[in-house]
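Residue-level structural notes
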Amino acid sequence: MSDYQGYTINFGPQHPAAHGVLRLIMNMKGETVQGIDPHIGLLHRATEKLAESKPYIQSIGYMDRLDYMSMMANEHAYVLALEKMLEVEAPLRAQYIRVMFSEMTRIMNHLLWLGAHALDLGAMSLFLYCFREREDLVDCYEAVSGSRMHATYIRPGGVIRDLPKSMPKFQPSTWHTKEEVKKLNAARDGDLLDFIEDFTQRFPARVDEYENLLTDNRVWKQRTVNIGVVSPERAKALGFSGPMLRGSGVAWDLRKLQPYEVYPQLDFDIPVGTNGDCYDRYLVRMEELRQSNKIIKQCVKWLKENPGPVSIRDGKVAPPTRADMKDDMEAMIHHFKLYTEGFTLPKGEVYQAIEHPKGEFGIYLISDGANKPYRIKVRASGFAHLSAMNEMCKGHMLPDVVAILSSMDIVFGEVDR
Amino acid sequence: MSLVEYLKSSNFSAVTEVETLHEEVTLCVDKSGWHDFANILKTDPKLSFDVLIDVCGVDYLHYGLTEWATNEVTFTGYSRARTELPDTIEEPRFASVYHFLSTEHNLRLRVKVMLESNDLSIASVNDIWPVANWFEREAYDLFGIVYEGHPDLRRILTDYGFIGHPLRKDFPLVGEVEIGYDAAKEACVYHPVDIQPRVVVPKVVRSDARYNEAGDSNE
């Protein structure tokens, strides 16, 4: 057996723990990983090429489909890049709405991550609990945009419409009696903000429930503590961002350090890990759930007190209202031009990064003065994280590969674009 | 001292241009001195750009060109007014663009290295920032830029056995081949695409009065 060199395993692209379509070529020696070569691109949909052939607003929908687990966060980065070039700023109410939905999106993303991460490591029930809460947030997406996932809600100059005055309600059916429906609709009597407020009051107790199941769980700790350790210096060199970087002990958060929108007015903390292992990344994300909840609470309070416009009135960028179009020729023309040709951006280039739930999500946009982007580069945090897969997994056991992969919070929509 | 002032006063030999637009600093760097300058970016205590955020390619083939010949054919119909964009190559055609972040100084920087299409090689910075590995592979895959000194320059996003560099401007949006099942051969085979490329909204460059100082439009 002295000339035993190990063997090669193919993992994926169809595998429940591959978080999409990841293919790993693993060089093994016994059950120890010697090296990993991730093959990506199986979900490559040429978003950047497609965006080059469309007017700017038509690409907002493509942004939703990048990281399809945190849709509005992607839109947010893209729209901010457009606004930076157009030199327009959304009204304050629109900024609060955007930030509120960005944070709700962060909770949605982290809930999905938590459920899937726990499921990968053998804790089935958590997945169901996480989706119970996620359902309420998806309902908010639906109430505000009509779509449960791909909202296309954030637009240059603001958001497409104000928050609705009522929440959609469940109806009695063959499966739900009147009494059951009454229970389900308990929080839905008021408007959307009341519903979100009710959610923020319920949610911290739910996070406690999740933590009860995992944080001090012996099996959970055995699977995550000291797995996939990355030092702070190495994390920077490997281009980590977001919870991956904070898990390694670097207090880096664009919401604090390069703030955009109304984040400077909001009170929240940045959780930081110490060891840079899977367990610390888990703890960081759990604390981010609580912090996001805190931000949403502040936004709800502000939004309840401050009604106002949610979009700028510049017909060259934002569509006119229906009412204006009925009796104003100028508005009619603006509407027609905006939805056929679109607006043009001045020549130049811009890079806009936001603190996406997964890390730094950036849009690099080059305009040559046309109605379509000359070049868009989507800087996806997951791409940089996944490229460290080989280094993080080397020397670990085969089951740890799954723990490390899911602690990265990978979604192939953004990695492959 | 601000970043721009420092970069201007230090007179780095590789830097040919320092620009500021939308509060973002862009450096144009000469290809021959790029790798040495990249070292300076990381090690100079005034700069210390410790995180490489992104590397991407750009193809300037159709930059600033319009495909909507409104003045000549306004009265002849919508689709006929569209003209094919000419593939006249103005050098340098390509660029490799880098985005850096300094966590120490909380600064961002963009570096652009222009490349001529007959010599698409540039030094890899994989040895300075390991994260460049996949980003450079992506730029190689999509644009054909060759990063010299890269340990493993393979395609990354496109299919196994893919031919061409899809994000180049002369690569058609519909692609060149499509895959289908051939019953006779009992295998999946590639054949040329049979869908017609279609432009729904033509590209049009307008001189918007809001963005030029004189406030005039050329139409």
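Heads up: the structure comes first, above all this text.
Quick summary incoming for the structure in this document. Note that the structure is predicted; figures quoted are calculated from it, not measured.

With that settled, consider the overall build of chain B. Helices and strands together make up the secondary structure of chain B, namely four helices and nine strands. Sequence-ordered secondary structure for chain B, helices as α and strands as β, is α-β-β-α-β-α-β-β-β-α-β-β-β. In chain B, which comprises 219 residues, the share counted as buried stands at 45%. Put simply, 54% of the contacts in chain B that link residues at least 6 apart link residues at least 24 apart. On chain B, roughly 11500 Å² of surface is accessible, and the fraction owed to carbon and sulfur atoms is 52%.

As a further point, take the packing of helix α12 (residues 278-305) of chain A against helix α17 (residues 398-407) of chain A. Residue and element names in this part refer to chain A. In the contact formed by α12 and α17, the axes pass within 10 Å of each other and the chain directions differ by 30°. It follows that α12 is roughly parallel to α17 by the angle criterion. Where α12 crosses over α17, the handedness of that crossing is left-handed. Along the contact surface, α12 presents Cys278, Arg281 and Arg285, while α17 presents Ala403, Ile404 and Ser407. Looking at the contact of α12 with α17 residue by residue, the classes come out as three nonpolar, one polar and two charged.

Attention now moves to the nonpolar core. If you look at the biggest cluster of nonpolar residues, it comprises 179 residues, and the most contacted ones within it are Met100, Phe101 and Leu386 of chain A together with Trp34 and Tyr98 of chain B. Sorting elements by how many residues they give to this core places helix α4 (residues 92-120) of chain A first, with 12 residues. In contact with Met100 of chain A, not counting residues within four places along its chain, are Leu163, Leu193, Ile196, Ile296, Cys299, Val300 and Leu303 of chain A.

Turning our eyes to something else, we now look at the sheet that holds strand β3 (residues 51-59) of chain B. Residues and elements named next belong to chain B. Across the sheet, five strands lie side by side as β1-β2-β5-β4-β3; this open sheet has mixed pairing. Whereas interior strands pair on both sides, the edge strands pair on one side only; in this sheet they are β1 (15-21) and β3. Direction aside, the axes of adjacent strands within the sheet are offset by 20° on average. The pairing of strand β2 (residues 24-29) with strand β5 (residues 107-115) spans four bridges and is parallel.

Our focus in this paragraph is a nonpolar patch on the surface. Residue and element names in this part refer to chain A. The grouping of Leu119, Met124 and Leu128 at the surface amounts to a nonpolar patch, some 280 Å² of accessible area in total. Relative to the assigned elements, Met124 resides in helix α5 (residues 124-145). Look at Met124 and you get partly exposed, because its relative accessible area is 49%.

A few words now on the sheet that holds strand β1 (residues 7-11) of chain A. Residues and elements named next belong to chain A. The strand order across the open sheet built from three strands is β1-β2-β3, with neighbouring strands paired in antiparallel fashion. Looking along the sheet, the strands with just one partner apiece sit at the ends: β1 and β3 (32-39). Between one strand and the next, the sheet's axes are offset by a mean angle of 20°, whatever the strand orientation. Of the strand pairs in this sheet, strand β2 (residues 23-29) and β3 are connected by seven bridges, and their pairing is antiparallel. Directly across from Arg23, in β3, lies its bridge partner His39. Seen against the sheet, α17 touches β1, β2 and β3 and runs at an angle of roughly 145° to β2.

Residues and elements named next belong to chain B. Relative to the helices and strands, Glu136 is located in helix α4 (residues 132-143). The side chain of Glu136 sits in the buried core without any salt bridge; Arg137 is the nearest counter-charge, 9.7 Å away. The contact partners of Glu136, leaving out residues within four places of it in the chain, are Val55, Ser124, Val125, Asn126, Tyr147, His150 and Leu153.

A packed helix pair is summarised by two numbers, namely the angle formed by the two axes and the spacing between the axes. All names here are of chain A. Interaxial distance between α4 and α17 falls to 9 Å at its minimum, and their mutual angle equals 180°. Compared by their axis directions, α4 and α17 come out roughly antiparallel. Packed against α4, whose contacting residues are Trp113, His117 and Asp120, the element α17 presents Val402, Ala403, Ser406 and Ser407 at the interface. A per-class count over the contact of α4 with α17 returns three nonpolar, three polar and one charged.

With that out of the way, let us pick up the interface of chain A and chain B. Frequently, the measure chosen for interface size is the accessible area removed from exposure when the parts meet. Listed by partner, the interface residues are 62 residues for chain A and 60 residues for chain B. Carbon and sulfur atoms make up 55% of the area that chain A and chain B hide from each other, which totals about 5100 Å². Contact with chain B buries surface across chain A, with Lys49, Glu349 and Tyr374 of chain A losing the most and accounting together for 14% of the total. In this assembly, chain A and chain B are joined by 11 salt bridges. Lys169 of chain B serves as the salt-bridge partner of Glu52 of chain A, at 3.1 Å between the closest nitrogen and oxygen. Here chain A is connected to chain B by 34 residue pairs in polar contact (both at pLDDT 80 or more). The biggest single contributor to the side of chain A that touches chain B is strand β6 (residues 348-356) of chain A, with five residues.

Here we come to the side chain of Thr158 of chain B. Residue and element names in this part refer to chain B. Checked against the element boundaries, Thr158 lands in the loop between β7 (146-148) and β8 (177-182). Among the residues examined, Thr158 registers a relative accessible area of 13% and is labelled buried. Within the structure, the side chain of Thr158 is placed 2.8 Å from the side chain of Asp141, a separation counted as a polar contact.

Attention now goes to unusual backbone geometry. Residues and elements named next belong to chain A. If you check the backbone angles, Glu261 has positive phi at about 50° while not being a glycine. Along the polypeptide, Glu261 turns up in the loop between α11 (254-257) and α12. A positive phi angle, close to 60°, is found at Asp409, a residue other than glycine. Inspection of the secondary structure assignment puts Asp409 in the loop between α17 and α18 (412-416).

Once that is clear, we can look at the environment of Met408 of chain A. Residue and element names in this part refer to chain A. In this structure, Met408 sits in the loop between α17 and α18. Here the alpha-carbon distance between Met408 and Leu238, two residues 170 residues apart in the chain, equals 13 Å. Sequence-distant contacts of Met408, defined by excluding residues within four places in its chain, comprise Met244, Arg285, His385, Leu386, Ala388, Met389 and Met392.

In this section: the pattern of salt bridges. Think of it this way: side chains of opposite charge can pair up when their charged atoms draw near. Scanning the entire structure with this criterion turns up 51 salt bridges over all chains. Between Arg246 of chain A and Glu288 of chain A there is a salt bridge; the shortest N-O distance is 2.6 Å. Taken together, the residues Arg246 of chain A in helix α10 (residues 243-247) and Glu288 of chain A in helix α12 connect sequence positions 42 residues apart. Residue class for Arg246 of chain A comes out buried when judged on its relative accessible area of 0%. A salt bridge links Arg108 of chain B to Glu360 of chain A, with the nearest nitrogen and oxygen atoms 3.0 Å apart. One end of the pair, Arg108 of chain B, is in strand β5; the other, Glu360 of chain A, is in strand β7 (residues 359-367), on a second chain.

This brings us to the pairing of β8 of chain B. Residue and element names in this part refer to chain B. The pairing of β8 with strand β9 (residues 187-192) spans six bridges and is classified as antiparallel. Each bridged residue has a counterpart across the sheet, and for Glu178 the counterpart in β9 is His191. Taking the residues that link successive antiparallel strands as the turn, the β8-β9 hairpin has four residues, and the phi of Glu186 there is positive, at about 55°.

The rules behind each value
- Residues numbered from 1 in each chain as written.
- Chains lettered and ligands numbered in written order.
- Predicted model: local features only at pLDDT ≥ 70, side-chain atom pairs only at ≥ 80, totals over all residues.
- Heavy atoms only, no water.
- Helix = DSSP H or I, 4+ residues; strand = E, 2+ residues; numbered from the N terminus.
- Buried < 20%, exposed > 50% of the residue type's maximum accessible area, 1.4 Å probe, protein only.
- Contact = heavy atoms within 4.5 Å.
- Areas by Shrake-Rupley, 256 points an atom, 1.4 Å probe, with all protein chains shown as cover.
- Axes fitted to C-alpha atoms, helices over the stretch in contact; angles between N-to-C directions.
- Parallel < 35°, antiparallel > 145°, perpendicular 65-115°, else oblique.
- Left-handed = near helix turned anticlockwise from the far one by under 90°.
- Nonpolar A, V, L, I, M, F, W, Y, C, P; charged D, E, K, R; others polar.
- Core = buried A, V, L, I, M, F, W, Y, C linked by side-chain atoms within 4.5 Å.
- Pairing = 2+ DSSP bridges.
- Patch = residues over 30% accessible without salt bridge, like charges linked within 9 Å, V, L, I, M, F, W, Y side chains within 5 Å.
- Salt bridge = Lys/Arg side-chain N within 4 Å of Asp/Glu carboxyl O.
- Lys, Arg positive; Asp, Glu negative; His and termini not counted.
- Buried area = accessible area lost by both parts, 1.4 Å probe.
- Polar contact = N/O pair within 3.5 Å; in protein donor to acceptor, adjacent residues only side chain to side chain.

In short, geometric facts, not functional conclusions.
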